[in-house]
Amino acid sequence: MQSLMTPGHKPVPVEILEAEIRRVCGSFNLEPMRRTGVVNGDVTTRRIGPFDTAIVALDASEVARSPRAIRQDPGEYFFLLVQDAGQCRVEQGDHVAELSPGDMFLVDSVKPSSFLYRGERSNQVSLHIPRDEVVHRFGNACAGGLAISRDDPLWVAMRAVIAKMLLEEGAQAQLGEAFLCLMGAYLHSTRITGAPAETLLSRALSMIDRHRADPTFGPRELAVRLNVSERMLQRHFRPLGETPGHRLLTRRLELAHARLSGRKDEQLSEGVTVVAFDCGFNDLSYFYREFRKKYGTTPGAVARCH
C-alpha cells in the first residue's frame, strides 16, 4: 500500500516535541530512547476532509497517555491511527496490536493508552474524530480502542477514502461522511459475524506486559488467569513463532534494557542487580546470560554507555 505521508525526522529537544504532541493531540508523555535530550521527530497538522489530523514522525521509545493525563486533559476524540511507515505496538486496556504500514487502530482518548516504538523510525497519520459524533452514531462499540483488521475488505475501502481526502480538498463533507459510513459498516459486520473485540492472544500479550516485572508471574499463572490450559495457551502463541515463556522473557529484557539505557540523573546509582530484580528476574546469572544473548553486550556496558 502506497505511503500516505512522508514527514521528516529532524533532531529536536525532547521537551519541544512533547509539547507539540500535547498541543496537537492532547496530554501525552514522550519517552526517548536515549538520554541525550534530543529525539528525531516532527509533528505537523493538516485538515483531511472534515477531520483535524496530526502527522507524527519520531524514533522514540514510547508515547503514553496515563490516567493522570486524562484527568488533567479529558479526551474529546477518537484517534484513528494509520501506520504509514515503520512499526508501532499499540496497547489500550486489553487490546494489543502490532502495527505495520497500512494497519489502523481506533484509539479512545478517554482511556489510557501507550504506543511503543522500540527506537524504530515511525510515521503515523492520526485522524481526530469527535468522540460525541462516534458515540452518537455507533454507541459504545469503539469504547476502549479497536483494531481494524486489514483482512476485512472494508479496510481497503476506508484507506482508499483517507487517501482520496488527502488528494482532494474539495467535497470534504461528502468524503468524511463516506468514511464514517464505512466505519459503521465495519462495526456492524463485526457484530454480525460475532468476531471478538479481543482475542485470547491479545489478552495474553497485554497481561504479560502488565505483570512482566513480577518475578512470580510465569506461563502457568498466565494460563490460570486466562482460564485455559498451558497447552491451549501455547497453541495461540504459535503464529508468533514463540512460546508464552519466551515472550515474557523478551519483554522483561526489553524493560531492563530501557531502564539501563534511559536512566535519569537521580537513578545513576541504581545498580544492574536492582534493575534485574525490578524487571522480574530472580536469577542474576540467568539475567546476564539472556541479556548478552539478546543484545550482544552486558547490562553493565549498556548502563555505562548511557
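For the structure, check the block above.
Residues numbered from 1 in each chain as written. Predicted model: local features only at pLDDT ≥ 70, side-chain atom pairs only at ≥ 80, totals over all residues. Heavy atoms only, no water.

Asks: Sorry if this is basic, but what is going on with the environment of G93 here?
Replies: If you trace the backbone, G93 turns up in the loop between β7 (88-92) and β8 (95-99). Residues contacting G93, with those up to four places away along its chain left out, are P112, S206 and R210. (Helix = DSSP H or I, 4+ residues; strand = E, 2+ residues; numbered from the N terminus. Contact = heavy atoms within 4.5 Å.)

Asks: I'm lost on the nonpolar core in this one. Help?
Replies: L80, I129, M165 and F179 are the most contacted members of the largest nonpolar core, which totals 28 residues. Broken down by secondary-structure element, the contributors of at least two residues to this core are β6 (77-85), β9 (104-108), β11 (122-130), α3 (131-138), β12 (146-148), α4 (153-167) and α5 (172-193). Considering each element in turn, this core owes the most residues, seven residues, to α5. In terms of nonpolar packing, the next biggest core, distinct from the first, is built from 25 residues, C25, F28, V56 and V63 among them. (Core = buried A, V, L, I, M, F, W, Y, C linked by side-chain atoms within 4.5 Å. Buried < 20%, exposed > 50% of the residue type's maximum accessible area, 1.4 Å probe, protein only.)

Asks: I keep staring at the packing of aromatic side chains and nothing clicks. Help me out?
Replies: Any aromatic ring pair is given by two values, namely how distant the centres are and how the planes are angled relative to each other. The tally for this structure, following the rule as stated, stands at nine aromatic pairs. Relative to Y286, the ring of F281 lies with its centre 6.4 Å away and its plane at 50°, an arrangement referred to as tilted. For F281, a relative accessible area of 5% translates into the label buried. Given a relative accessible area of 30%, Y286 falls into the partly exposed group. A ring pair is formed by F287 and Y288, whose centres lie 5.8 Å apart and whose planes are at 75°; its orientation type is edge-to-face. With a relative accessible area of 35%, Y288 lands in the partly exposed category. Through a chain of ring-to-ring contacts, the aromatic side chains of F281, Y286, F287, Y288, F291 and Y295 assemble into a single cluster. The positively charged end of R65 is found above the aromatic ring belonging to F28, 5.7 Å away from the centroid. (Phe/Tyr/Trp six-rings, centres within 6.5 Å; stacked < 30°, edge-to-face > 60°. Lys NZ or Arg CZ within 6 Å of the ring centre and 35° of its normal.)

Asks: Whenever I open this one, the sheet that holds strand β2 (residues 29-31) confuses me. Can you help?
Replies: Here five strands make up an open sheet; going across it, the order is β2-β5-β10-β7-β8 and the pairing antiparallel. Of all the strands in the sheet, the pair left with one neighbour each is β2 and β8. Neighbour to neighbour, the strand axes of the sheet diverge by 15° on average, direction disregarded. For β7 and strand β10 (residues 113-116), the ladder comprises three bridges, and the chain directions are antiparallel. Opposite V90, over in β10, you have F115 as the bridge partner. (Pairing = 2+ DSSP bridges. Axes fitted to C-alpha atoms, helices over the stretch in contact; angles between N-to-C directions.)

Asks: Honestly, helix α1 (residues 14-25) in this entry has me stumped. Any pointers?
Replies: With 12 residues, α1 ought to run about 16 Å at 1.5 Å a step, and its terminal C-alpha atoms sit 16 Å apart, in line with that. Of the residues making up α1, those classed as buried are V14, L17, E18, I21, V24 and C25. Relative to the axis of α1, the buried residues are bounded by an arc of 135° and lie together on one face. Residues of α1 that are exposed and angled more than 90 degrees away from the buried face: E15 and R23. In this structure, the buried residues of α1 make contact with β1 (10-13), β2, β3 (38-48), β4 (51-58), β6 and β11. Within two residues after α1, G26 carries a phi angle of roughly 110°, on the positive side. (Expected span 1.5 Å × (residues − 1). Arc of directions from axis to C-beta.)

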